[in-house]
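# Coordinate analysis (summary)
Chain by chain, the residues:
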Amino acid sequence: IAGITQAPTSQILAAGRRMTLRCTQDMRHNAMYWYRQDLGLGLRLIHYSNTAGTTGKGEVPDGYSVSRANTDDFPLTLASAVPSQTSVYFCASSPQPGQGMEQFFGPGTRLTVL
Amino acid sequence: SQQGEEDPQALSIQEGENATMNCSYKTSINNLQWYRQNSGRGLVHLILIRSNEREKHSGRLRVTLDTSKKSSSLLITASRAADTASYFCATVPVERPRNSGYALNFGKGTSLLVTP
């Protein structure tokens, strides 16, 4: 079934640990995004990629890094997790970067940093 | 930064009633999208309305856009229990922040509860 998958579904992590959230899409979409969703704050953009090989910082990039080695995968890494990174993380993609593009969302990863 | 702001924050209605949610935004846009999020799930695209459109329909959904007031509304007619979810409006400003690509700016959402 075409779509976006994220792994893990949920994770409890000790502060200071390194963690990579995985995101894979099989729709051959060029643009991909990472958002975090926090109660009362809505969704905020962490990083984005307009095409394989390029990435950009979003609204809240500090403490996170991404890579886009190929079209399908867009992993998000927390180098040294902190409790403020407790959130639900959503990966999304769209066929192209641009105005008017519907975004397709993965099921999310619920991360708790203790 | 939030571009859209939904109103009300929460809405509770009975099955069969209509549900209306509103969205206000701050800067000029090319289009506005509405998404639904069921509890514990990802967001699902519902409908997109372009800045030169005033109204758009999709099944039981009706979206209006008033660019002079920078506002949009989502109407769900004859609501069902399965419509229980959070609803978000999302925009890509014409003048985008340098560090945003074409990412969507989401509001905080309206939580809709439809009771049988």
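Worth saying up front: this structure is predicted, and the values here are computed from it rather than measured. (Residues numbered from 1 in each chain as written. Chains lettered and ligands numbered in written order. Predicted model: local features only at pLDDT ≥ 70, side-chain atom pairs only at ≥ 80, totals over all residues. Heavy atoms only, no water.)

### Concerning the overall build of chain B
- Along its length, chain B carries zero helices and eleven strands.
- Reading chain B from its N terminus to its C terminus gives the helix and strand order β-β-β-β-β-β-β-β-β-β-β.
- The globule rule puts the C-alpha radius of gyration for 116 residues at 13 Å, and the 14 Å found for chain B is close to it.
- With the principal axes as the frame, chain B shows a C-alpha extent of 45 × 30 × 20 Å.
- Each of the 116 residues in chain B was classed as buried or not, and the buried ones make up 45%.
- Put simply, 57% of the contacts in chain B that link residues at least 6 apart link residues at least 24 apart.
- Entry remark: accessible area of chain B is about 5700 Å², with carbon and sulfur atoms responsible for 43%.
- Taken together, the 14 basic and 10 acidic charged side chains of chain B have centroids lying 7 Å from each other. (Helix = DSSP H or I, 4+ residues; strand = E, 2+ residues; numbered from the N terminus. Rg over C-alpha atoms; globule rule 2.2 N^0.38 Å. Buried < 20%, exposed > 50% of the residue type's maximum accessible area, 1.4 Å probe, protein only. Contact = heavy atoms within 4.5 Å. Areas by Shrake-Rupley, 256 points an atom, 1.4 Å probe, with all protein chains shown as cover. Lys, Arg positive; Asp, Glu negative; His and termini not counted. Charge placed at Lys NZ, Arg CZ, Asp CG, Glu CD.)

### Topic: the sheet that holds strand S3 (residues 19-25) of chain A
All names here are of chain A.
- Taking strand neighbours across the sheet as the criterion, the four strands line up as S1-S3-S8-S7 in an open arrangement whose pairing is antiparallel. Here the strands that pair on one side only, and so sit at the sheet edges, are strand S1 (4-7) and strand S7 (64-66). Ignoring strand direction, the axes of neighbouring strands in this sheet form an average angle of 20°.
- Sheet topology note: the S7/strand S8 (residues 76-78) ladder contains three bridges and is antiparallel. Looking at S8, one finds that Val 66 is bridged to Leu 76. (Pairing = 2+ DSSP bridges. Axes fitted to C-alpha atoms, helices over the stretch in contact; angles between N-to-C directions.)

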